Amino acid sequence: MKAKIAEVFPSIQGEGAYVGVRQVFIRFYGCHIRCEWCDTPDAIGDKPGKYSDYTLDELWREISGLWDGCHSVSLTGGEPLLQKDFIKEMLPRLKSAWVTSYLETNGILYEELAEVIADIDIVSMDIKLPSSTKCRSFWNEHEEFLKIARQKDVFTKIVISSDTQKEDVLRSVELVAGIDPGIMYILQPNCFDEQRYVVQKCLEFQKDCSRRLKNVRIIPQVHKFLKLP
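Residues numbered from 1 in each chain as written. Predicted model: local features only at pLDDT ≥ 70, side-chain atom pairs only at ≥ 80, totals over all residues. Heavy atoms only, no water.

**Quick notes on unusual backbone geometry**
So, point 1. In this model, G77 is joined to G78 through a cis peptide bond whose omega is 15°.
So, point 2. Inspection of the secondary structure assignment puts G78 in the loop between β4 (72-76) and α2 (84-96).
So, point 3. Notably, W98 is not glycine yet its phi reads approximately 60°, a positive angle.
So, point 4. Along the chain, W98 falls in the loop between α2 and β5 (101-105).
So, point 5. One non-glycine residue with positive phi stands out, namely K134, at about 65°.
So, point 6. As for its placement among the helices and strands, K134 is situated in the loop between α4 (130-133) and α5 (139-149). (Helix = DSSP H or I, 4+ residues; strand = E, 2+ residues; numbered from the N terminus.)

Structural data, given as structure tokens:
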């Protein structure tokens, strides 16, 4: 079995609850949605892109030389769960090596998540707001996904753009609150928008979200400021 991998590299985590920790990133190639503000378009897979085919042994040899001093290995994308069968084989090997696994996902493919959740340590779950992404809504898929992901260390992340509508934000809040109001909920300003305006929107949304959720934070993409991959 082989996986399509866009790139493998060490860096710091630039988003979410674990911002600043050192990780080895495995960027899986391919995604089944196309968000308007996607910051990794070369990994989407709806047009010819650059990737390499890796067997598990080949990938293991590459990452095992990189993770010294790292907090975890990030399975990112694209959407890594599109290559669920490869990940299902890889996770027990990470666990046997005492390496923490960190899944970065668009939070849609809940059936695939159910097959690998037993061996995942941390889930960074996006909630895709239709007014932000310009894609269709995925409310039912997100709800089922979060019900499964909450078995582990999970946080939710919502990108806020100049087009984001308050009604979408509040609906996502109700979704999270209905499962567990203690789950961390992160408002992430879109790095492609005019920062001051979008940050102000985040500050306003944070007040509204905090009425229903216990842990609402505003965290930008730190790696963009540091000019890191």
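Let's pick the thread back up.
**Here we look at the state of the cysteines**
So, point 1. Under the defined criterion, the tally for this structure stands at zero disulfides.
So, point 2. With no disulfide of its own, C202 has C209 as its nearest cysteine by sulfur position, at a separation of 9.3 Å.
So, point 3. Note on C202: relative accessible area 0%, which makes it buried. (Disulfide = S-S within 2.5 Å. Buried < 20%, exposed > 50% of the residue type's maximum accessible area, 1.4 Å probe, protein only.)

**What about the sheet that holds strand β6 (residues 122-126)?**
So, point 1. Taken in spatial order, the nine strands line up as β3-β1-β2-β4-β5-β6-β7-β8-β9 in an open sheet, and their pairing is mixed. Single-partner strands in this sheet number two, and they are β3 (52-55) and β9 (216-218). Strand-to-strand twist across the sheet, computed as the mean angle between neighbouring axes with direction ignored, equals 30°.
So, point 2. By the bridge criterion, five bridges tie β6 to strand β7 (residues 153-160) in an arrangement that is parallel. (Pairing = 2+ DSSP bridges. Axes fitted to C-alpha atoms, helices over the stretch in contact; angles between N-to-C directions.)

**Re the pairing of β5**
So, point 1. Of all five residues in β5, five are buried, a share of seventy percent or more.
So, point 2. A two-sided burial pattern is seen for β5, the buried positions comprising S101, L103 and T105 on one face and Y102 and E104 on the other.
So, point 3. Across three bridges, the pairing between β4 and β5 is parallel. What sits directly across from V73, in β5, is S101.
So, point 4. Crossover β4 to β5 through α2 is right-handed.
So, point 5. Where β5 and β6 come together, four bridges link them in parallel fashion. (Right-handed = clockwise from strand over helix to strand, strands pointing away.)

**Brief notes about the side chain of Q188**
So, point 1. On the secondary structure map, Q188 appears in strand β8 (residues 184-189).
So, point 2. Setting aside residues up to four positions removed in sequence, Q188 forms contacts with E15, K157, I158, V159, I160, I219 and Q221. (Contact = heavy atoms within 4.5 Å.)

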